[in-house]
Amino acid sequence: MVKYIIKRLLLSILIVIGVSLIIYLLIRMMPLNYFDTKYAAQLANGTMTQADVDNFKRLSHVLVEYNVYADRYGWGHYATNELAEAALTGGQKTICTFLSYVEGYANWFWEALHGNLGSSFKFQDTVVNVIKDNMWVSFGIAIVATVLQFAIAIPLGVTAATHQYSAFDYVVTVLVMMGISLPTFFFALLMLSIFSQRLGWFPLSGMNSPGKIFNSDFEMALDTLHHLVLPVLTLVILSIGGLMRYTRTNMLEVLNADYIRTARAKGCSERTVIYRHAFRNTLIPVVTMLAGILPGLFGGAMITEQVFGLPGIGNKAYQALIEGDIPFVMGYNVFLAILSVFGTLLSDLMYAVVDPRVKINK
Amino acid sequence: MEEEKILTPELAEENLKKEAAEEESLADSVRIISPGRLVMKRFFRSRLSMVGLVTLIVLFLFAFVGPLFSPYEESEADSKAPDFINETYAPGTSAEIVDPSDVFEGGVIGGTVLSGVTYNNSNGHGSYVKDGNTVYFKLDENRLVVTDEKYSTIYYDYFEYSWNQPSFNKYGAPDSKHWLGTDDLGLDVFTRLMYGGRVSLTLGFVVVILETLLGILFGGLAGYFGKWVDQLIMRIVDIFGCIPTMPLLLILSEMLNGAGVVGTAKLYYIMAFLTLLGWAGIARVVRGQILYLREQEYMIAAEALGLSTSRKIIKHLVPNVMPQLIVQMTLGLGSIILTESTLSYLNLGLDRMNATWGTMISAAQDPLVLSSYPWVWIPAGVMIVLAVLGFNFIGDGLRDAFDPKASR
């Protein structure tokens, strides 16, 4: 078991290196410059000139610590332009060669090993801090949604399986299939349009009503809950289908097993057969699946958070991506990759834990 | 007198024939149906698959044949009669020109009172006659100002400025002319729905076929050869499996925007990216299946017959993987349509002028559209749901039909 875990961990490290290398190379080729996008509006309406922007680039490059950090990973080409670099290097222009990519990645990786993912341009803090500060909001929303999703989908799946080909089975199947087929952003917009704009039951965006003074923490929590109803509902409705159908398939498989026939033959009540014999075995893949998705909940739901304007990590990453905040985008993507590697590992280990028949001795 | 039935030779022959026919029909009813026909039969018996199939056929006709009957083009704005705008500017002010070429080419400057407008488009100098006097004007950073006759000193004298402002039927509500209304540029929503379907549906098919080919290639190699080939390919598959798809697609789209790729060329790039990010899952399925099939007796027989490797893979292994793959492909079609529409929604897909369902929904990011003009964005969403639902129903039906354990 220990040997297996060590082997899997080593493999995971290999995967993370592979993923981060691919993302690094792509991001280095990304044509966005944070300062250009940030001051694009001012440039367009004439309050700033290109020289001002270049000045900003140069200044921030020299003065602000985070930019110097960023440069050490080879981000410099993006944070600053040739002009600023020329000012720093005494007229020499840095040229992006293959070697500079390799060197940049090596630098980035070395720092990442020490827990330093660089500093975000946009959020003016280290990437690690931004992720740490924002992932809990995303996790909080996602965990509530996941609990609801499991609480609704499993009973539905079990009932649909025990009443296979009944009207209930058909209706639930069609409904959850519609849920699977809905694009997240469309459904979220539909919810906003109906429940926020038409009916006015829920606020349009954000976590708290802006400018409202709360008398107590409880009042504030209530306000937050009120804001989170629609996002959570969206997440639950869209994800119920997959789990419900997974449960149904597994339950059907178990119900066809010989030991279920034996249980029926020895005269167990239908209730006992289903809930004591069949259901518990259905839970094996479901629990494994839960272990697999759990780490991913920290990664945030980019589209849902974007539509509902929630300050979660997914929304932050989206903003960073649009504006060209290179270090944050890089850090976030690697964070996601680590979460997904960890999820797979956890789900495999969970399988061995909940299913006594499985022996890991490879 | 009753005629007795006598067993004449003719009658006996007839009886024999009858029996033979009966036997034949009996053989018919228990005739062994080929697996392919069995799958077809099961598939067509399932009601949901039929619903999905019909939905998709209708959608395909709508997208590919529909535009032939539409009176509008994909990016043809529905113009109303231009508004004639006549404004007088007090001394000290200047008029902002909407579009200089619009204004001067028709010689409408000055409106009714004026005559003899001359305008030089290259240097922005012009003049007109007003009440017998010639008024000189020039275009100064898109503002119309009155000058002296040498176009140097600026007099902020009063002047009139009138033009034919092109006007479009913006956010027109659904009526008999525009069945689903018009959008912010006065484009017919119904027509754009059809064109949008072309993009989404074709893109899905191309991507799924390409990624299946890649998946079969790599999965087949890994599963058949095993050892280090398997190790190498599967580690690559692991890496691709862990790449966060959506953020990466966003990065790639930004790269396309930055590289100045426009129009349909962008579509091909997006197809390539989706393929690159999607083949890993299929390779994993193919590999698993081939690992299992490799140990079957018929493969040992194939080995004993001395068949070549490529023949063993192409003729004996791949066809047996196909049922699983077809299901996977159909379900994949739905998810690709969803991914593409999400990209378009974030304005990182195709340009505005090439209609896609996702781009049409992205109009609803404007709260005004979200609340007041539902016809601009809701139909596109319904189309996406219908298409994805259709593919999911068919994929589900196929899975049940292919399942050898299924009882119905």
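Residues numbered from 1 in each chain as written. Chains lettered and ligands numbered in written order. Predicted model: local features only at pLDDT ≥ 70, side-chain atom pairs only at ≥ 80, totals over all residues. Heavy atoms only, no water.

Trainee: Teacher, can you tell me more about the overall build of chain B here?
Mentor: Secondary structure assignment for chain B yields 14 helices and eight strands. With 408 residues in all, chain B has 46% of them scored as buried. The contacts in chain B between residues at least 6 apart in sequence include a share of 69% that link residues at least 24 apart. Counting only carbon and sulfur atoms, one obtains 59% of the accessible surface of chain B, whose full area is about 21400 Å². (Helix = DSSP H or I, 4+ residues; strand = E, 2+ residues; numbered from the N terminus. Buried < 20%, exposed > 50% of the residue type's maximum accessible area, 1.4 Å probe, protein only. Contact = heavy atoms within 4.5 Å. Areas by Shrake-Rupley, 256 points an atom, 1.4 Å probe, with all protein chains shown as cover.)

Trainee: Which parts of the structure should I look at to understand the confidence of the model for chain B?
Mentor: Atomic detail in the predicted coordinates should be set aside for any region of low pLDDT. Residue and element names in this part refer to chain B. Residues of chain B with pLDDT of at least 70 account for 74%, and the chain-wide mean is 76. Per-element confidence in chain B is highest for helix H3 (residues 47–64), whose mean pLDDT is 89, and lowest for helix H5 (residues 100–105), whose mean pLDDT is 46. Interface confidence for the predicted complex, expressed as ipTM, amounts to 0.81; the pTM equals 0.77. (pLDDT = per-residue confidence, 0-100.)

Trainee: What am I meant to see in the interface of chain A and chain B here?
Mentor: How big an interface is tends to be stated in terms of the accessible area lost upon association of its parts. Counting from both sides, the interface comprises 46 residues of chain A and, opposite them, 42 residues of chain B. Where chain A touches chain B, the interface holds one salt bridge. Taking the shortest distance from any N to any O, the salt bridge between Arg245 of chain A and Asp396 of chain B comes out at 2.1 Å. If you look at where chain A meets chain B, you find three residue pairs in polar contact (both at pLDDT 80 or more). When residues of the side of chain A that touches chain B are traced back to their parent elements, those giving at least two are helix H1 (2–28), helix H10 (167–181), helix H11 (184–198), helix H15 (302–308), helix H16 (313–323) and helix H17 (326–354) of chain A. With nine residues, H1 of chain A is the single largest residue contributor to the side of chain A that touches chain B. Along the lines of polarity and charge, the residues of the side of chain A that touches chain B split into 36 nonpolar, eight polar and two charged. (Salt bridge = Lys/Arg side-chain N within 4 Å of Asp/Glu carboxyl O. Polar contact = N/O pair within 3.5 Å; in protein donor to acceptor, adjacent residues only side chain to side chain. Nonpolar A, V, L, I, M, F, W, Y, C, P; charged D, E, K, R; others polar.)

Trainee: Just checking my understanding: could you explain the confidence of the model for chain A for this structure?
Mentor: All names here are of chain A. Looking at chain A, pLDDT values average 78 and 79% of them are 70 or higher. Across residues 61–70, where pLDDT falls below 50, the model places 22 contacts with residues more than four positions away in sequence or in other chains. Predicted confidence for residues 76–95 stays below pLDDT 50, and this span has 38 contacts to residues more than four positions away or in other chains.

Trainee: What is the right way to read the packing of aromatic side chains from this model?
Mentor: Geometrically, a pair of aromatic rings is defined through the distance of the ring centres and the angle of the planes. All names here are of chain B. Inspection of the entire model under this criterion finds 17 aromatic pairs over all chains. Between Phe205 and Phe391, the aromatic rings sit 5.9 Å apart at their centres with planes inclined by 70°, giving edge-to-face as the arrangement. Placement of the pair is Phe205 in helix H6 (residues 189–225) and Phe391 in helix H14 (residues 374–402), with a sequence separation of 186 residues. An angle of 85° between the planes, with centres 5.2 Å apart, marks the rings of Tyr224 and Phe225 as edge-to-face. An aromatic cluster is defined as three or more aromatic residues linked by ring pairs; in this entry it consists of Phe60, Phe64, Phe205 and Phe391. (Phe/Tyr/Trp six-rings, centres within 6.5 Å; stacked < 30°, edge-to-face > 60°.)

Trainee: Looking at this model, I keep getting lost on the nonpolar core. Mind explaining?
Mentor: Soluble globular proteins: nonpolar side chains tend toward being buried together. Of all hydrophobic cores here, the largest spans 150 residues; its most connected members are Phe328 of chain A together with Leu250 and Ile361 of chain B. With 14 residues, the top contributor of residues to this core is helix H9 (residues 127–162) of chain A. Looking at this core, you find at least three residues from each of domain 1 (2–113) and domain 2 (127–201 + 228–354) of chain A. Once you skip the residues sitting within four places of it in the chain, Leu250 of chain B turns out to touch Met302, Tyr318 and Leu321 of chain A together with Leu343, Leu346 and Leu348 of chain B. Listed in part, the 11 residues of the second largest apolar core include Tyr224, Leu293, Ile313 and Leu325 of chain B. (Core = buried A, V, L, I, M, F, W, Y, C linked by side-chain atoms within 4.5 Å. Domains from an automatic or database assignment.)

Trainee: Explain the pattern of salt bridges here, please?
Mentor: Side chains carrying opposite charge are able to pair once their charged atoms draw close together. Enumeration over the complete set of coordinates arrives at 11 salt bridges over all chains. With its nearest N and O atoms 3.5 Å apart, the salt bridge here joins Arg284 of chain B to Asp238 of chain B. With Arg284 of chain B in helix H9 (residues 264–294) and Asp238 of chain B in helix H7 (residues 227–242), the pair connects residues that are 46 residues apart, well separated along the chain. Here the residues in one salt-bridge network are Arg245 of chain A together with Asp396 and Arg399 of chain B, joined through shared partners.

Trainee: Could you clarify how one ought to interpret a nonpolar patch on the surface in this entry?
Mentor: Taken together, Met1, Val2, Ile6, Leu10, Ile13 and Ile17 of chain A make up a surface patch of nonpolar side chains, about 570 Å² in accessible area. Tracing the sequence through the fold places Met1 of chain A in the segment before H1. (Patch = residues over 30% accessible without salt bridge, like charges linked within 9 Å, V, L, I, M, F, W, Y side chains within 5 Å.)

Trainee: What exactly am I supposed to notice about the environment of Phe391 of chain B here?
Mentor: All names here are of chain B. A residue is classified by how much of its surface remains accessible, and Phe391, at 3% relative accessible area, is buried. Along the chain, Phe391 and Val145 lie 246 residues apart, while their C-alpha atoms are 62 Å from each other. With residues up to four places along the chain from it excluded, the contact list for Phe391 reads Leu56, Leu201, Phe205, Thr330, Leu331, Leu333, Gly334 and Ile337.

Trainee: Would you explain empty space enclosed by the protein in this entry?
Mentor: To find the voids left in a structure, one rolls a probe of water-molecule size over its atoms. Taken as a whole, this structure holds two cavities of 30 Å³ or more when the rule is applied. In this structure, the largest cavity spans a volume of roughly 40 Å³. Lining the largest cavity, in full, are Ser138, Ile141, Ala142, Pro231, Leu235, Gly300, Ala301, Thr304, Glu305 and Leu310 of chain A. Sorting the residues of the lining of the largest cavity by element identifies H9, helix H12 (217–255) and H15 of chain A as the ones contributing at least two each. At three residues, H9 of chain A tops the list of elements feeding residues into the lining of the largest cavity. The class makeup of the residues in the lining of the largest cavity is six nonpolar, three polar and one charged. Of all the secondary-structure elements, those providing two or more residues to the lining of the second largest cavity are H9 and helix H11 (309–345) of chain B. Of all the elements, H11 of chain B adds the most residues to the lining of the second largest cavity, at three residues. (1 Å grid on protein atoms, 1.4 Å probe; cavity = no way out; pocket = protein on both sides within 12 Å on 5 of 7 lines; lining within 4 Å. Points joined across faces, edges and corners; volume = space filled by probe spheres on them.)

Trainee: How should I be thinking about the environment of Val388 of chain B in this particular structure?
Mentor: Secondary-structure assignment places Val388 of chain B in helix H14. In the structure, Val388 of chain B is positioned 54 residues away from Gly334 of chain B in sequence and 4.3 Å away in space, judged by C-alpha atoms. Residues in contact with Val388 of chain B, not counting those within four places in the same chain, are Ser181 of chain A together with Gly334, Ile337 and Leu338 of chain B.

Trainee: How do you make sense of the packing of H16 of chain A against helix H8 (residues 245–258) of chain B when you look at a structure like this?
Mentor: Between two packed helices, what matters for the description is the angle formed by their axes and the separation of those axes. Where H16 of chain A meets H8 of chain B, the axes come as close as 10 Å, and the angle between the chain directions of the two elements is 15°. Our classification of the angle between H16 of chain A and H8 of chain B gives roughly parallel. Two packed elements cross with a definite hand, and for H16 of chain A against H8 of chain B that hand is right-handed. Between H16 of chain A and H8 of chain B, the residues in contact are Tyr318, Leu321 and Ile322 of chain A and Pro247, Leu250, Ile251 and Glu254 of chain B, respectively. A breakdown of the residues in the contact of H16 of chain A with H8 of chain B according to their chemical character gives six nonpolar, no polar and one charged. (Axes fitted to C-alpha atoms, helices over the stretch in contact; angles between N-to-C directions. Parallel < 35°, antiparallel > 145°, perpendicular 65-115°, else oblique. Left-handed = near helix turned anticlockwise from the far one by under 90°.)

Trainee: In this structure, what is going on with the environment of Arg28 of chain A? I would like to understand it.
Mentor: Residues and elements named next belong to chain A. With respect to the secondary-structure elements, Arg28 resides in helix H1. Taking the relative accessible area as the measure of exposure, Arg28 reaches 2% and is therefore buried. In this structure, the C-alpha to C-alpha distance between Arg28 and Glu253, residues 225 residues apart in sequence, is 49 Å.

Trainee: How should the packing of H6 of chain B against H9 of chain B be read in this particular structure?
Mentor: Residues and elements named next belong to chain B. Viewed as axis vectors pointing N to C, H6 and H9 meet at an angle of 40°, and their least axial separation amounts to 5 Å. Between H6 and H9, the interaxial angle falls into the category oblique. H6 and H9 meet at a crossing whose hand is right-handed. Taken together, the residues that form the contact of H6 with H9 break down as 21 nonpolar, seven polar and three charged.

Trainee: Can you walk me through the side chain of Asp396 of chain B in this structure?
Mentor: Mapped onto the elements, Asp396 of chain B comes out in helix H14. Residue classification places Asp396 of chain B among the buried positions, given a relative accessible area of 12%.

Trainee: Where do I start with the side chain of Ser49 of chain B in this structure?
Mentor: Residue and element names in this part refer to chain B. Residue position: Ser49 is located in helix H3. The buried category is assigned to Ser49, whose relative accessible area is 0%. Residue contacts for Ser49: discarding those within four places in its chain leaves Phe43, Phe393, Ile394 and Gly397.

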